[in-house]
There are 2 protein chains.
Amino acid sequence: MIDQEEVVVVRLGHRPGRDDRMTTHVALTARALGADRVVLPDNATDAVETARDVTDRFGGPFTVESTDALQGFLRGWEGAIVHLTMYGEPVEQRIEAIRKRHRSGPLAVVVGAEKVPFEVYDLATFNVGVTNQPHSEVAALAVTLDRLFEGAELDRPWVNADKRVVPQAAGKRVVDESD
Amino acid sequence: MIDQEEVVVVRLGHRPGRDDRMTTHVALTARALGADRVVLPDNATDAVETARDVTDRFGGPFTVESTDALQGFLRGWEGAIVHLTMYGEPVEQRIEAIRKRHRSGPLAVVVGAEKVPFEVYDLATFNVGVTNQPHSEVAALAVTLDRLFEGAELDRPWVNADKRVVPQAAGKRVVDESD
């Protein structure tokens, strides 16, 4: 990506069943849009499996981890923390400061499920909102990563991919590169 | 928004239960990120209700519709159609052409659920991908709208809002404007 420091996406909170697809989409969006790693709650077993499977087939580098101590992970994180929340400051006003912090160190981008503990607002270096409207943590993550990387993430090269999609004006073309 | 022509987001396909939250997030993302209207499958009753409720509380203008004839809606659509698909051409290469079409007419942005009928690829003026990686239709929609409107959607004014979030560096502040 644009620089060498890690960007890790952290998914806080997960209700098995109800949140399976949202958490999976958070993980896959993190991978597709330039993050190096995603850390999921350890009860998000479906999402962990799907994100690893997609990485196996479509390439990396991308790491999928899970833990039962996500707040502990954030407490011990030695870089800036960007918490995406509809209550936060406008992302478009803070993105330059975020990018600047990222130039000199790793970045954790945190997206919550339902209710985020107040400690996370305090731990965060930046509480930012992609609008102050209720919508989707997946949408907020996507816009934030696209702005953070300034579009460079969109043609990220993939290594160890078995499958590669060849862009088409209409229809589908997938090349098998596993041979 | 940037111009007067309508942008409508169309959600194609919906499996009740399984897709409830994804379809809801599509609708809320459409509203938050500058679309004028969303058209949902008529079996997406939860998503219709939630999107209308959010519009009642947080403001509009935003219209939520549903129909049992979404492909018919697209066949009769008299503007450009942007179909978001991981098999499509890079959005960053086509966004200027899309924006140009939007200057002179309405735009439908189509996001599918599982499998999209081949007819939709043919009906589409543009089949575009936000990367050619598998991730999330919500993420793809968010990046596409943000690029289409060039960020102007992020501080869209809202009318008839009962609730307004006041951006905070930490914590939450919501003002009740219903009085």
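Residues numbered from 1 in each chain as written. Chains lettered and ligands numbered in written order. Predicted model: local features only at pLDDT ≥ 70, side-chain atom pairs only at ≥ 80, totals over all residues. Heavy atoms only, no water.

What follows covers the packing of helix H6 (residues 137-148) of chain A against helix H6 (residues 137-148) of chain B. Between H6 of chain A and H6 of chain B, the shortest axis-to-axis distance is 8 Å and the interhelical angle comes to 50°. Taken together, H6 of chain A and H6 of chain B sit at an angle that is classed as oblique. Relative to H6 of chain B, the crossing made by H6 of chain A is right-handed. Here Val138, Ala139, Ala142, Val143, Asp146 and Arg147 of chain A of H6 of chain A come into contact with H6 of chain B, specifically with Val138, Ala139, Ala142, Val143, Asp146 and Arg147 of chain B. (Axes fitted to C-alpha atoms, helices over the stretch in contact; angles between N-to-C directions. Helix = DSSP H or I, 4+ residues; strand = E, 2+ residues; numbered from the N terminus. Parallel < 35°, antiparallel > 145°, perpendicular 65-115°, else oblique. Left-handed = near helix turned anticlockwise from the far one by under 90°. Contact = heavy atoms within 4.5 Å.)

Moving on, we come to the sheet that holds strand E3 (residues 63-67) of chain B. The strands making up a sheet are joined through hydrogen bonds of the backbone, oriented either antiparallel or parallel. Residue and element names in this part refer to chain B. Pairing is parallel in the open sheet, where six strands are placed in the order E3-E2-E1-E5-E4-E6. Bordering the open sheet on either side are E3 and strand E6 (126-129), each of which pairs with just one other strand. Strand after strand, the sheet turns through a mean of 30° between neighbouring axes, direction not considered. Pairing between strand E2 (residues 37-41) and E3: five bridges, direction parallel. Residue Pro41 lies in a different strand from E3, and its bridge partner there is Thr67. Of the strands in this sheet, strand E1 (7-12), E2 and strand E5 (107-112) touch helix H1 (residues 20-32), which is tilted by about 175° from E1. (Pairing = 2+ DSSP bridges.)

On to the sheet that holds strand E4 (residues 80-90) of chain A. All names here are of chain A. Across the sheet, six strands lie side by side as E3-E2-E1-E5-E4-E6; this open sheet has parallel pairing. Unpaired on one side and paired on the other, strand E3 (63-67) and strand E6 (126-129) mark the two borders of the sheet. Sheet twist, expressed as the mean angle between neighbouring strand axes with direction ignored, is 30°. With five bridges joining them, E4 and strand E5 (residues 107-112) adopt parallel strand pairing. Residue His83 lies in a different strand from E5, and its bridge partner there is Val110. Along the sheet, helix H1 (residues 20-32) makes contact with strand E1 (7-12), strand E2 (37-41) and E5, crossing E1 at roughly 175°.

Superposing chain B onto chain A takes a rotation of 180° combined with a translation of 0.0 Å along the rotation axis, leaving an RMSD of 0.0 Å. Both copies are brought into coincidence by an operation consistent with a two-fold rotation axis. Distance from the rotation axis, computed per C-alpha, reaches its smallest value in chain B at Ala139 of chain B: 2.4 Å. A share of 100% of interface residues in chain B that are also interface residues in chain A marks the association as one of identical surfaces. (Least-squares fit on C-alpha atoms with pLDDT ≥ 70 in both.)

Summarising the element assignment, Thr29 of chain B is placed in helix H1. Its relative accessible area of 0% is what places Thr29 of chain B among the buried residues. Taking the C-alpha atoms as reference points, Thr29 of chain B and Leu107 of chain B, separated by 78 residues in sequence, lie 16 Å from one another. The contacts of Thr29 of chain B, once residues within four sequence positions are left out, are His135, Ser136 and Ala139 of chain A together with Val138, Leu141, Ala142 and Leu145 of chain B. (Buried < 20%, exposed > 50% of the residue type's maximum accessible area, 1.4 Å probe, protein only.)

Across the junction of Gly60 of chain A and Pro61 of chain A, the peptide omega takes the value 5°, indicating a cis bond. By the element assignment, Pro61 of chain A lies in the loop between helix H2 (45-58) and E3. Within the chain, Glu150 of chain A stands out as a residue other than glycine whose phi angle is a positive 55°. Looking at where Glu150 of chain A falls in the secondary structure, it is placed in the loop between H6 and strand E7 (163-165). Positive phi is not limited to glycine here, since Asn160 of chain B has a value of about 55°.

Everything listed here is a matter of geometry and, on its own, says nothing about what the molecule does.
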